[in-house]
Amino acid sequence: MQAKSGIVSRSISSVSSPRSAGFLAKVLTILSMAIAIVAVDSVNAEAEAANPKYAGIVVDARTGNVLYSENADRLQYPASLTKMMTLYMTFEALEQGRIRLDTPVPFSAHASAQAPTKLGVRAGGTITVEQGILGLVTLSANDAATALGEMLGGSEDRFAQMMTAKAHALGMTRTTYRNANGLPNTAQMTTARDQARLGIALRQHFPQYYGYFNTRAFKFGNRVIRSHNRLVGSVRGVDGIKTGYTRAAGFNLVSSLQVDGKSIVGVVLGGASTPARDSQMRRLLDAYLPKAATSGGTLVAQSKQMPEMIETPAPVSPAKVAQVAEKKTIPANQPPVAAAAADLGLPHKGPLPDSRYQTASTEVAYAETAAPKTGNPLLAQPMPSPTKVKTVAIKQQQASAAVPTPAAAYVPPEQGDTSVDELTTASTKVAPAKDVAAKEVPQPSGWVVQIGVSSSREMAMDLLASAKAKGGKALNSAKPFAVAYASGADQVYRARFGGFDDQRDAVNACKALKKAGVKCWAAAQ
């Protein structure tokens, strides 16, 4: 017993010695640091898991290898990441010589009326193509994106068809575009993987223009417009590319990083806030850059570094455009389009300032995409056959049934919150045959409230009937109707209430629906 006590005593004595105490303190310090690191990673993982909108991916731009992915193929709303494709189409037109950086871009009434953020150019005014590019990469200007789309496509609707065809040609098979700026539309969808592919393609295909994405600020007339992308200039090697936000989409970001012979592209979709999104992107870039290759494949082309501030002239006012128009001579074989766009070398189909949708019946054949300019397996894949898109003349009074309408309410940051909720699905109840054959309900004009989208008219009307029962007095005089959008396999029906006297009545009705648990948004028809 005494022997055992002696052993214990000596053991306690040895542990209590200064040298052993110091060693033990070091061990405890190392263990606490390791536990802290694990805890931080655990918190990040838990935060991502708790955010149902989150999706992310990191791709080695040299080899095309996916270094990280989380919900990378889930359909999500792109928000202002849409402008990456608008810029791709613009860069392509520049490379082909169809437009120049100093080509005037006319603003239709529709483009000028887009929700903030925006450059604020009045209808009838113009900016240059370069100003439009800078407006998109810094301010995420919705009006400039629409104006560029109308100039390149003749109408924004037709331009969206061109964007979708180009996306599929690039291998972005799960992406569909419905507008040029990313303002809410439940049919406009993408994935994190598709956005990574587009981010790499922009640098690979247009290195001469890619430098615009690292613009920190530019002077537009008397305004100094600074970039929304906080990682450019604050993270070593980050040279772009684009931010995006709507309430339904969350906070989105695509970032490109090139440093020490390595190149990666990261995508974060559905972030909970700007700081959370940026923090997650920093963590992904820091964690996966060491795993990127320095050999194998071709390093993406280097782009020029843009100056801290780019100065551009003031936009051309409508009065000035009218003066210039008087001096221009339009050949007799051209249709009467805006004179400022008469020398663009583009199809002369508009845009006309007074109407967005008076597009002549035209069949547009898209040329087959040229062979990829890279050995990157993410981009170098068989391209689909050329896509043909047919646009049909639409009467002006029918325009509201065929195109998305931006929501009325929004907030300033980045793209703006237009209070459009996620897609609301209808019940699976099948209407009787006599209802299916019923005549279409006339579409009310003025303010409307949309509550969701369904795959059939009957399901949309069922959804409206259910919502009206929950809406109470605010919907007593409301008229339910379903609006068909798109055609063929892509056709959907928007469930809407009309008959409101003004914006206040529509907004109050939407508030009543939201209190009853029905998602909705109000907009001018």
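Above this text you will find the structure in question.
Sequence positions are assigned chain by chain, starting from 1 and proceeding in written order. With the structure being a predicted model, the display of local features is reserved for residues of pLDDT at least 70 and the display and counting of side-chain atom pairs for 80 or more, all residues being used for whole-chain, interface and lining totals. The basis for every side-chain value is the complete set of heavy atoms in the structure, and neither hydrogens nor water enter the calculation.

### Quick notes on the pairing of strand β15 (residues 492–500)
At step 1: Counting buried residues in β15 gives seven out of nine residues, a clear majority hidden from the surface.
At step 2: Two strands form a pair only when DSSP identifies at least two bridges running between them. Per the convention used, a helix needs a DSSP run of H or I reaching at least four residues, while a strand needs a run of E reaching at least two, with both numbered from the N terminus. Note that strand β13 (residues 447–454) and β15 share six bridges and pair antiparallel. The residue bridging Val449 from the neighbouring strand is Phe497, located in β15.
At step 3: Bridging between strand β14 (residues 479–485) and β15 involves seven bridges; their strand directions are antiparallel. In the sheet register, Ala482 faces β15, and the bridge partner there is Ala495. Residue burial is assigned from relative accessible area. The probe radius is 1.4 Å, only protein chains are included, and a residue is buried under 20% of its type maximum, exposed over 50%, and partly exposed in between.

### Structural notes on the sheet that holds strand β1 (residues 55–60)
At step 1: What the five strands build is an open sheet, ordered β2-β1-β9-β8-β7; its pairing is antiparallel. The two strands at the open ends of the sheet, each matched to only one other strand, are β2 (66–70) and β7 (238–246). Neighbour-to-neighbour, the strand axes of the sheet open up by a mean angle of 5°, direction not taken into account.
At step 2: Here β1 runs beside β2; their pairing, made up of four bridges, is antiparallel. Each residue of the ladder has a partner; that of Val59, found in β2, is Val66. Between N-to-C directions, angles span 0 to 180 degrees; the directions come from axes that are lines fitted to C-alpha atoms, helices contributing only their stretch in contact.

### Some details on the pairing of β13
At step 1: Counting buried residues along β13, eight of its eight residues qualify, which places the element largely inside the surrounding structure.
At step 2: Summarising the sheet, β13 and strand β16 (residues 521–524) pair through four bridges and their orientation is antiparallel. Each residue of the ladder has a partner; that of Gln450, found in β16, is Trp521.

### Comments concerning the sheet that holds β16
At step 1: Overall, antiparallel pairing links the four strands, which are arranged β14-β15-β13-β16 in an open sheet. Looking along the sheet, the strands with just one partner apiece sit at the ends: β14 and β16. When strand polarity is set aside, the average angle formed by the axes of neighbouring strands in this sheet is 40°.

### Quick notes on the packing of helix α3 (residues 82–95) against helix α5 (residues 129–139)
At step 1: Their axes nearest at 10 Å, the elements α3 and α5 cross at an angle of 155°. For the element pair α3 / α5, the angle class is roughly antiparallel. Once α3 is placed against α5, the crossing between them reads as left-handed. Across the interface between the two elements, Lys83, Thr86, Leu87, Thr90, Phe91 and Leu94 of α3 pack against Val129, Ile133, Leu136 and Val137 of α5.
At step 2: Grouping the amino acids of the contact of α3 with α5 by side-chain chemistry returns seven nonpolar, two polar and one charged. Under this scheme an angle from 65 to 115 degrees is roughly perpendicular, one under 35 degrees roughly parallel, and one over 145 degrees roughly antiparallel; angles in between are oblique. Note: crossing handedness is left-handed where the near helix turns anticlockwise from the far helix by less than a right angle, and right-handed where it turns clockwise. In what follows, residue pairs with any heavy atoms lying within 4.5 Å of each other are defined as contacts. Polar here means any residue outside two lists: the nonpolar Ala, Val, Leu, Ile, Met, Phe, Trp, Tyr, Cys and Pro, and the charged Asp, Glu, Lys and Arg; Gly therefore counts as polar.

### Digging into the pattern of salt bridges
At step 1: Throughout this description, the term salt bridge denotes a Lys or Arg side-chain nitrogen within 4 Å of a carboxyl oxygen of Asp or Glu. With the rule as written, the count across this model stands at six salt bridges.
At step 2: The partner of Asp102 in a salt bridge is Arg100, with the nearest N and O atoms 3.0 Å apart.
At step 3: When its relative accessible area of 44% is taken as the criterion, Arg100 is described as partly exposed.
At step 4: Measuring nitrogen to oxygen at the nearest pair gives 1.9 Å for the salt bridge that ties Arg203 to Asp239.

### A few points about the state of the cysteines
At step 1: When two cysteine sulfur atoms are found within 2.5 Å, that pair is recorded as a disulfide. One pass over the full model with this rule turns up one disulfide.
At step 2: Each disulfide pairs two cysteine sulfurs, and for Cys510 the partner residue is Cys520, the sulfurs being separated by 2.1 Å. Torsion about the S-S bond of the Cys510 and Cys520 cystine: about 115°, corresponding to right-handed handedness. Of this pair, Cys510 sits in helix α14 (residues 503–515) while Cys520 sits in the loop between α14 and β16, placing them 10 residues apart in sequence. Across the pair, Cys520 and Cys510 agree in class, each one buried.

### Some points on the environment of Gln114
At step 1: The residue Gln114 is located in the loop between α4 (109–112) and β4 (126–128) in this model.
At step 2: For the pair formed by Gln114 and Ala141, sequence separation is 27 residues and the distance between their alpha carbons is 9.1 Å.
At step 3: In terms of polar contacts, Gln114 uses its side chain to reach the side chain of Asn181, at 2.9 Å. In protein, a polar contact requires one atom able to donate a hydrogen and another able to accept it; more generally it is a pair of N or O atoms within 3.5 Å, and residues adjacent in sequence count only if both atoms are side-chain atoms.

### Description of the nonpolar core
Across soluble globular proteins, nonpolar side chains have a tendency to be buried as a group.
At step 1: Core analysis: the largest hydrophobic core is formed by 61 residues, its most contacted members being Met85, Phe91, Leu119 and Leu198.
At step 2: It is α3 that provides the largest number of residues to this core, a total of eight residues.
At step 3: The contacts of Leu119, once residues within four sequence positions are left out, are Ile127, Gln131, Gly135, Leu139, Ala141, Asp143, Ala144, Phe218, Phe220, Arg223 and Ile225. Definition used in this section: a nonpolar core is a set of buried Ala, Val, Leu, Ile, Met, Phe, Trp, Tyr and Cys residues joined via side-chain atoms within 4.5 Å.

### Description of the packing of α3 against helix α7 (residues 156–169)
At step 1: Relative to each other, α3 and α7 sit at 90°, their axes nearing to 10 Å. Taken together, α3 and α7 sit at an angle that is classed as roughly perpendicular. Of α7, the residues touching α3 (which contributes Thr82, Met85, Thr86, Tyr88, Met89 and Glu92) are Phe159, Met162, Met163, Lys166 and Ala167.
At step 2: Of the residues assigned to the contact of α3 with α7, the class counts are seven nonpolar, two polar and two charged.

### Considering the packing of aromatic side chains
At step 1: For Phe, Tyr and Trp, where Trp contributes only its six-membered ring, two rings pair if their centres lie within 6.5 Å, and the inter-plane angle classes them as stacked under 30 degrees, edge-to-face over 60, or tilted in between. Taken as a whole and assessed by the stated rule, the structure comprises eight aromatic pairs.
At step 2: Summarising the aromatic geometry, the rings of Phe91 and Tyr209 are spaced 5.4 Å apart at their centres and angled 20° between planes, so their arrangement reads as stacked. Of the two residues, Phe91 is situated in helix α3 and Tyr209 in helix α9 (residues 207–210); the sequence distance between them amounts to 118 residues.
At step 3: Of the residues examined, Phe91 reaches a relative accessible area of 0% and is grouped as buried.
At step 4: Aromatic ring contacts, followed pair by pair, group Tyr88, Phe91, Phe206, Tyr209, Tyr210 and Phe213 into a single cluster.

### Things to note about unusual backbone geometry
At step 1: The linkage connecting Pro116 with the following residue, Thr117, adopts the cis geometry, with an omega of 5°.
At step 2: Looking at where Thr117 falls in the secondary structure, it is placed in the loop between α4 and β4.
At step 3: Residue Ile241 is reached from Gly240 by a cis peptide bond, and omega for that bond is 20°.
At step 4: Within the secondary structure, Ile241 is located in strand β7.
At step 5: Look at Asp260: it is not a glycine, yet its phi comes out positive at around 55°.
At step 6: Checked against the element boundaries, Asp260 lands in the loop between β8 (250–259) and β9 (262–271).

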